[in-house]
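# Remarks on the overall topology
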Amino acid sequence: MAHRIENAMGPVSTISESTEQTAKRSAQPATSRRFQETLLSARRTMVWSEILKIALDSFRASKMRLALTALGMVIGTASVILVVTIGMTGKQFILDEIQKIGTNEVELEYAGGGAAGSETNVYNDYLTRDDEKRVVAQVPGVMYSSPILEMHTRISLGGGLVKDTLVLGVSPDYEQIRNLLVPYGRFLEDIDDTQHMKVAVVTETFAKRRYGSEDAAVGREFSISGIPFTIIGVFRESVTDFGQSEIAEETILIPYSVGRFFTGTENVKQIYFSMRSMAEVQDATLEIPRIVSAHHRPNSVYHAQDLREVLKMADTISNILTAVLVLVSAVTLAVGGVGIMNIMLATVRARIREIGIRKAMGATSREIRLQFLAEATIISLAGGVVGCLVGLSLPVSVRLLTDFQLPVSPWSVVIALGAATLVGIVFGTMPATRAAQLDPVESLKYE
């Protein structure tokens, strides 16, 4: 009976052992698969702290090589920042000079008119002093206004020289509108206009040619169409007008009320207005012609102009010149990148045995590539940081030690550091790839 029981239990035990072995065998592939996946993940996952540590150890071993290699990037990034600073300084200077002409100024001009309806004759519908008063009353942003009464007459400049000279009839506000400087004497005043005083303000060129010097002209008399005028002041424009001013080298300014006696009419072709701020210029440029046209014939055309287009053009030109200079300075960055590539190629050759040992110990080609690429990028970025400090030191020192406020653009720093990083990656790719492609066996044999 016991024997039969033992025989009966035997197959059961055998079946149980076979099932356990089958389970173990089926579990082994899953465990092996997970191990392989973990190993593959470990190979694909770089520990950047180790990469940086190896790179820093390499730099400590050859500090002079690091300094000389990064020097090109220092010069390149410093050049970018300085070029941007110079470009912004020039741009600001140009815009400031244009603003001195009168960026708040609006020039209203009669552009002509034609026959309306059944009319067959072309008519002139010039501007009047009433138009000026209406605009001043209805546009609250107007601070100054002046009509421009233009005429030409022959004036003796002394020494037998008689020249056709520009005479402008203006109001006292013309000084503020055109930002004129009067270094000798004074400008026209309201009393000169209301009392029809025969006084004049002349340019420095006119004073020098007729009287020898500017100060000698004040108080002297000369004639306009046989009527004597007394010079009460000598003026000049505060800045070059870029061809936007009606003032010539020899120009005489007289009160508008006196000038209309020469022309026989109060009609003018131009009236100048000066706004409180540049923000009001655009609306005024649209509003002023509308106000004036409402009191003139339907077909009369009046244009309002300002210096916004000149400002936009100057701003565009300055930006283009700055961009061109930055591209030129970028050549220095490219030269620095070539230097990095050459040094890194030499470094790869000097460390062939090290690369072979690392590969023999399990380092992958990807790890070797990243190591040398990181070294090139760190060198380039380190040079970029030092270059930024050098480039910023000049404008910051000028701002701290002088009254000049040189503009500093944060974007120039961002561009310089970004360019330095890009140069390190681009020019470090070839040496890194060459290092990664080395055969470990041949590398170990290298002496």
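Now for a description of the structure that goes with this document.

### Side note on helix 14 (residues 410–436)
Compared with an ideal rise of 1.5 Å per residue, which puts 27 residues at 39 Å, helix 14 spans 38 Å between its outermost C-alpha atoms and is within 8% of the ideal. Maximum bend of helix 14: about 40°, positioned at Thr429, with proline Pro431 one to four residues after it. Those residues of helix 14 lying buried are Ser412, Ala416, Ala419, Ala420, Val423, Gly424, Phe427, Gly428, Pro431, Ala432, Ala435 and Ala436.

### A word on helix 12 (residues 352–360)
Every buried residue belonging to helix 12 is among Ile352, Ile355, Gly356, Arg358 and Lys359, and all of these are buried. Buried positions in helix 12, seen along its axis, are confined to an arc of 165° and lie on one side of it. One or two residues past the end of helix 12 sits Gly362, with phi positive at roughly 115°.

### Observations concerning the packing of aromatic side chains
We describe a pair of aromatic rings using the distance from one ring centre to the other and the angle between the two ring planes. For the coordinates displayed, the defined rule picks out 5 aromatic pairs. When the ring of Tyr110 is compared with that of Tyr126, the centres are 5.0 Å apart and the planes differ by 70°; the resulting orientation is edge-to-face. Of this pair, Tyr110 sits in strand 1 (residues 105–112) while Tyr126 sits in the loop between strand 1 and helix 4 (129–138), and the two are 16 residues apart along the sequence. Of the residues examined, Tyr126 reaches a relative accessible area of 27% and is grouped as partly exposed.

### Considering the side chain of Lys359
Looking at the element boundaries, Lys359 is found in helix 12. Given the relative accessible area of 14%, Lys359 is considered buried.

### Overview of the pairing of strand 5 (residues 199–203)
Summarising burial for strand 5: 5 of the 5 residues are buried, a large majority. Bridge count for strand 5 against strand 7 (residues 227–237) is 5 bridges, and the pairing is parallel. Within the sheet, the bridge partner assigned to Val202 lies in strand 7 and is Val234. Relative to strand 8 (residues 251–255), strand 5 is paired through 2 bridges, and the arrangement is antiparallel. The residue of strand 8 that forms the bridge with Val201 is Leu253.

Parameters at a glance
In this convention, every chain numbers its residues from 1, walking through the sequence in written order. The predicted nature of this model means local features are confined to residues of pLDDT at least 70 and side-chain atom pairs, given and counted, to a pLDDT of 80 or more, with totals for whole chains, interfaces and linings taken over all residues. Only hydrogens and water are set aside when side-chain values are computed; all heavy atoms of the structure are taken into account. The helix and strand labels rest on DSSP assignments: H or I over at least four residues marks a helix, E over at least two residues marks a strand, and numbering proceeds from the N terminus. Expected helix span is computed as 1.5 Å times (number of residues minus one). What we call the bend at a residue is the angle made by axes fitted to the seven residues finishing there and the seven residues starting there. Burial here depends on accessible area, computed with a 1.4 Å probe over protein chains only, as a share of the maximum for the residue type. Under 20% is buried, over 50% is exposed, and the range in between is partly exposed. When we speak of the arc, we mean the arc of directions from the helix axis to the C-beta atoms. Here is the rule: rings of Phe, Tyr and Trp (six-membered ring for Trp) pair when centre to centre is within 6.5 Å. Planes less than 30 degrees apart are stacked, more than 60 are edge-to-face, and the remainder are tilted. Being paired, for any two strands, means DSSP has found at least two bridges between them.

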